[in-house]
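Chain and residue survey
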Amino acid sequence: MKRIACLILLATVAFAAMGQEEENPLNLDISADIVSRYVWRGINLSESPAIQPTLSLTYKNITFGTWASYTFSREMLQEVDLFLSYETRFATFTLNNYYNPPSDSIGFIGDYFELSSKKTPHILEGVLSLNGPEKFPIVITAAVMFWGNDKDEENKSVYSTYIEAGYPFEVHETKTNLFLGITPFEGFYYSKFGFVNTGVTVSKEIKITENYSLPIKGSFSINPALEKVFLVFSITL
């Protein structure tokens, strides 16, 4: 863990040094979503509303940040993640570090600095998103969990995989996205191949003042494999 901390520190120093050569090349951003329920890739991860803050640092096309989800009511599952992404014109590469062990009333149950593959509460995931051309703006995303707490009953890695196709478009200046997600084999999402996440997301900005608009989003999704349906509303602060 000390090596990881040193690498993060060196990366931050390097970003700062490069920032002196150009005018405002760094972008530090903070925001928070309030969601009616935490639903992720067709899986329900909370029984109550949640607040989901994000803090990120971007230099050109590289972004390093952290994201979390905390439910409003007292629930066992909470989450704090790290992510590192590199974006090109037609593709985005992302490395996610998921950390969502059970928690009690005062914090997480589990050692954040436990980095043994057989004991760690962390999960590392690689994600590749490909963007289609402007005339056909389809987005194909493939995500694979490859290290950590993604194990079967025999404590062997199962490499849980999620693949999604999304098609964004606009209807009367309202952003809309149709999506279809599958898992190709047994893992976190389902016990075999299955359609696990299909639906539509609609988002727009409501003008509050002359200089401020409030982003809102609604998502209707169905998990055919688990026979679940969700309607989630969120606002971004």
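Residues numbered from 1 in each chain as written. Predicted model: local features only at pLDDT ≥ 70, side-chain atom pairs only at ≥ 80, totals over all residues. Heavy atoms only, no water.

1. Notes on the overall build of the protein chain
For the protein chain, the count of helices and strands is one helix and 16 strands. Split into buried and exposed, the 237 residues of the protein chain put 34% on the buried side. The contacts in the protein chain between residues at least 6 apart in sequence include a share of 41% that link residues at least 24 apart. (Helix = DSSP H or I, 4+ residues; strand = E, 2+ residues; numbered from the N terminus. Buried < 20%, exposed > 50% of the residue type's maximum accessible area, 1.4 Å probe, protein only. Contact = heavy atoms within 4.5 Å.)

2. Comments concerning the nonpolar core
In this structure, Tyr38, Trp40, Leu45, Met145, Tyr189 and Val196 are the most contacted members of the largest nonpolar core, which totals 13 residues. With near-sequence residues (within four places) excluded, Met145 lies in contact with Trp40, Ile123, Leu124, Glu125, Asp150, Tyr159, Ser160, Phe188 and Tyr189. (Core = buried A, V, L, I, M, F, W, Y, C linked by side-chain atoms within 4.5 Å.)

3. A closer look at the sheet that holds strand S11 (residues 139-148)
Around the barrel, which closes on itself, the twelve strands sit in the order S1-S4-S5-S6-S7-S10-S11-S12-S13-S14-S15-S16 with antiparallel pairing between neighbours. The mean angle between the axes of side-by-side strands here comes to 20 degrees, regardless of whether they run parallel or antiparallel. One ladder, built from eight bridges, connects strand S15 (residues 213-223) with strand S16 (residues 228-236); its direction is antiparallel. Paired with Ser219 across the strands is Val232, a residue of S16. (Pairing = 2+ DSSP bridges. Axes fitted to C-alpha atoms, helices over the stretch in contact; angles between N-to-C directions.)

4. Examining the pairing of strand S10 (residues 122-131)
For strand S7 (residues 91-99) and S10, the ladder comprises nine bridges, and the chain directions are antiparallel. From the neighbouring strand, Asn97 faces S10, where its bridge partner is Leu124. Where S10 meets S11, nine bridges bridge the pair, whose relative direction is antiparallel. Among the inter-strand pairings, Leu124 is bridged to a residue of S11, identified as Trp147.

5. A few points about the packing of aromatic side chains
This model, assessed by the stated rule, comprises eleven aromatic pairs. Between Trp40 and Phe188, the ring centres sit 6.1 Å apart and the planes meet at 50 degrees, which makes this aromatic pair tilted. Taken together, the residues Trp40 in strand S2 (residues 39-40) and Phe188 in the loop between strand S13 (174-183) and strand S14 (194-207) connect sequence positions 148 residues apart. Note on Phe188: relative accessible area 38%, which makes it partly exposed. Ring plane angle 80 degrees and centroid distance 5.2 Å describe the contact between Phe188 and Tyr189, whose orientation is recorded as edge-to-face. Among the residues examined, Tyr189 registers a relative accessible area of 1% and is labelled buried. (Phe/Tyr/Trp six-rings, centres within 6.5 Å; stacked < 30°, edge-to-face > 60°.)

6. Focus: the confidence of the model for the protein chain
Per-residue pLDDT for the protein chain has a mean of 89; in total, 86% of the residues score no lower than 70. For the stretch residues 1-10, pLDDT sits under 50, and the model shows five contacts to residues farther than four places along the chain or on other chains. Between residues 12-21, whose pLDDT stays under 50, and residues either more than four places distant or in other chains, the model counts eight contacts. (pLDDT = per-residue confidence, 0-100.)

7. As for the side chain of Thr54
For Thr54, the position within the fold is in strand S4 (residues 50-59). Those residues in contact with Thr54 that sit more than four places away from it in its chain are Asp29, Ile30, Ser31, Thr66, Trp67 and Phe83.

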